[in-house]
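# Residue-level structure breakdown
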Amino acid sequence: MNRILVAIKRVVDYNVRVRVKPDGTGVVTDGVKMSINPFDEIALEEALRIKEKGQAQEVVVVTIGPADCQQQLRTALAMGADRALHVQTDAVIEPLTAARIFKSLIDREQPMLAILGKQAIDDDCNQTGQMLSALWGRPQATFASKVEIGDGVATVTREIDAGLETLEIDLPAVITTDLRLNEPRYVKLPDIMKAKKKPLDVLEPAALGVTPSEQLKAIRYEPPPQRSKGVMVKDAQELVAALRSKGLIQ
Amino acid sequence: MNKILIVAEHDGSRLNPAIAKCVRCARDIPDANVTVLVLAADPAAVAAEAATINGVDAVVTVANPANAQALAATLAPQVAAVASGYSHVFGPSTTFGKDLMPRIAALLGAPQLSDVMAVESATRFRRPIYAGNAIVTVEVAAGTQLVATVRVASFEAAARGNATAPITAASLDVVLPSHTRFVSLSAARSDRPDLQTANRVISGGRAFGSADNFKILDGLATKLGAAVGASRAAVDAGYAASDMQVGQTGKIIAPELYMAFGISGAIQHLTGIKDARTIVAVNKDAEAPIFEIADYGLVGDVFQIIPELERLIG
Ligand SMILES: Cc1cc2nc3c(=O)[nH]c(=O)nc-3n(C[C@H](O)[C@H](O)[C@H](O)COP(=O)(O)OP(=O)(O)OC[C@H]3O[C@@H](n4cnc5c(N)ncnc54)[C@H](O)[C@@H]3O)c2cc1C
Ligand SMILES: Nc1ncnc2c1ncn2[C@@H]1O[C@H](COP(=O)(O)O)[C@@H](O)[C@H]1O
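Here the structure is a predicted model, which is why all the values come from computation and not from measurement. (Residues numbered from 1 in each chain as written. Chains lettered and ligands numbered in written order. Predicted model: local features only at pLDDT ≥ 70, side-chain atom pairs only at ≥ 80, totals over all residues. Heavy atoms only, no water.)

## Re the nonpolar core
- Of all hydrophobic cores here, the largest spans 47 residues; its most connected members are Ile6, Ile29, Val36, Val38, Phe90, Leu113 and Phe125 of chain B.
- Listing elements by their share of this core, those giving two or more residues are strand 1 (2-7), helix 1 (18-27), strand 2 (32-40), helix 2 (44-51), strand 5 (112-116), strand 7 (124-129), strand 8 (134-139) and strand 9 (146-150) of chain B.
- Residues within four places of Val36 of chain B in sequence aside, it is in contact with Ile6, Ala8, Val23, Ala50, Val56, Ala58, Val59 and Val60 of chain B.
- Leu96 of chain A together with Leu5, Val7 and Tyr86 of chain B belong to the second-largest nonpolar core, a separate cluster that totals 46 residues. (Core = buried A, V, L, I, M, F, W, Y, C linked by side-chain atoms within 4.5 Å. Buried < 20%, exposed > 50% of the residue type's maximum accessible area, 1.4 Å probe, protein only. Helix = DSSP H or I, 4+ residues; strand = E, 2+ residues; numbered from the N terminus. Contact = heavy atoms within 4.5 Å.)

## Remarks on the sheet that holds strand 6 (residues 118-119) of chain B
- Spatially, four strands are ordered 12(A)-8(B)-7(B)-6(B) in an open sheet, and the strand pairing comes out antiparallel. Of all strands in the sheet, those bounded by a partner on one side alone are strand 12 (217-222) of chain A together with strand 6 of chain B.
- Here six bridges tie strand 7 of chain B to strand 8 of chain B, and the two strands are oriented antiparallel to one another. When the bridges of strand 8 of chain B are listed, Ile129 of chain B appears paired with Ala134 of chain B. (Pairing = 2+ DSSP bridges.)

## Quick word on the packing of aromatic side chains
All names here are of chain B.
- In the structure shown here, the tally under the stated rule is two aromatic pairs over all chains.
- Between Phe208 and Phe303 the ring centres are 6.0 Å apart and the planes differ by 70 degrees, which places this aromatic pair in the edge-to-face class. Residue Phe208 is located in the loop between strand 12 (200-204) and helix 5 (211-214), and its partner Phe303 is located in helix 9 (residues 302-313); the two are separated by 95 residues in the primary sequence.
- The class for Phe208 is buried, based on a relative accessible area of 1%. (Phe/Tyr/Trp six-rings, centres within 6.5 Å; stacked < 30°, edge-to-face > 60°.)

## Points about unusual backbone geometry
Residue and element names in this part refer to chain A.
- Cis peptide bonds are those with omega within 30 degrees of zero, and the linkage from Leu171 to Pro172 qualifies with 0 degrees.
- Considering the arrangement of structural elements, one finds Pro172 in the loop between strand 9 (163-170) and strand 10 (173-177).
- Even without a glycine there, the phi angle at Asp124 is positive, about 50 degrees.
- The class of Asp124 is buried, set by a relative accessible area of 7%.

## Some remarks on the interface of chain B and chain A
- The interface is formed by 86 residues belonging to chain B together with 75 residues belonging to chain A.
- When chain B packs against chain A, the two sides together hide about 6,900 Å² of surface, and 53% of this comes from carbon and sulfur.
- When the buried area of chain B at its contact with chain A is split by residue, Tyr130, Arg181 and Tyr296 of chain B rank highest and sum to 11% of it.
- Taken together, the connections running from chain B to chain A amount to seven salt bridges.
- Note that Asp236 of chain B and Arg180 of chain A form a salt bridge whose closest N and O atoms lie 2.7 Å from each other.
- When residues in the side of chain B that touches chain A are grouped by element, the largest group, eight residues, is from helix 4 (residues 95-108) of chain B. (Buried area = accessible area lost by both parts, 1.4 Å probe. Salt bridge = Lys/Arg side-chain N within 4 Å of Asp/Glu carboxyl O.)

Here it is, written out as structure tokens:
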């Protein structure tokens, strides 16, 4: 069966202004709105579109994290995923651990494609998809803004510093999404009801042969240095004068 | 001694300026010995350039026609083959480094730190998270091989010197995959300075309303010798190319002068410009959040202000 595996990470919603805890042990997450990582929503949308074109039969969403993550999996099922896998753990999951868990799931599920976000907007690591492709020994097409599935291959356009790069990759492969790949659909109320009946399996990392290890110890969190508020100028002339006096323009 | 391997980004003939910044970052590690690795079809010119950067102790080249395109799947196993014996493997936090370094890390079984902004010791580094809303200090156990990308906006470029580091060619016995093939690159050709290294950057946002209107930035950019950037909203709407996006998921820049026209100042955008020396904001909404961080704010209409600035700068 042509299956697509999609990673769904639960993160602090992108509209939340994240604050560091006064004691420097982390950021405030209590009572803060949580959502699917925006890039993962795009990953799921892309998988659903590929399925809707008849190029895949099943979309499986996967998350790794504590019990609460099931909320985001349910949302993903409501968007249209067929089933969900929850690798439940309270441990800190570093990208290499996440990649090892995904690799182990890939061995079981044998997907033609794994689609992940290019980066999780909490840790901003931008690593997991690339690590997964290395462990899997398969192609990676990161930062995708266009995906076309062909016969055993995918043609992917990537947003890179120099412009838009197009790669052809053999399947199976890993794709990571950039913002302009698509615009995710909204979830409709009846779909939320239907999603409650879709299968959601819970596993443990150990059952997949992976022991989460914390190699990167966070020892202190700080707020970023603040830029002080500057001055308001009244018109273009005053602005140019100010920039000239600082030697910023001739 | 800490042996640091820096993977060179280049276009086949020139070294990317980000590499001199990686060298500076590597030099902040105590007792550092720095090697630059150049993988290319013909690495000679790039290697010669790398060898003149102050603080580079050695340059290693790997020549292979397969390296003509920077494909992570092709480059990663070669870097991994060279990397044993190095305590740190660094690359720039450009799309090249972001794509490649984690693939190397996984092959090495090593953890990666992304966007290193400061070095505290050989095992302790600082990096931004949550779109720069928090800075975390991270420590790895001594003896752990570490892969990292260097946040280029945080480091000055190491200067070029007169000395040249020795250049040696490595020959590797690595099977390279054929499953990933380069098809094409469409680059918006521009005579403007590169966005990531420009001294001056002017950016436009959703305010412009069309790709044609966005072009009114061109005249001012020419007068200032500035690169042109854009907010995500401007890129999404098709006013500007995707490689012009500044911010959390675009380019992180640190010019001397940044001018934001018709950009509201969402946190994801601000994250890309925090290291700019001077920020100027022009917005018709006096309450726009961009004014909170601007050194000079001007409430006004971009369609009126931009031509005025162009005339005044003359
Ligand atoms: C995961 C994620 C990642 C993101 N990454 C980025 C990123 O990397 N970079 C980025 O920029 N954004 C990013 N965003 C988007 C970001 O949240 C904002 O939506 C975006 O920056 C808004 O762009 P803007 O300021 O141009 O548009 P708006 O917020 O719509 O602001 C337009 C501004 O123009 C002003 N204006 C309108 N007309 C005029 C006029 N004639 N003269 C003067 N002023 C005028 C308005 O007052 C307003 O302040 C990201 C979002 C998400 C969810
Ligand atoms: N714990 C997790 N659960 C589900 N997906 C994850 C997890 N960690 C990382 N991912 C996926 O990997 C992508 C990149 O994450 P990162 O490397 O942490 O920036 C995310 O957008 C997700 O698609």
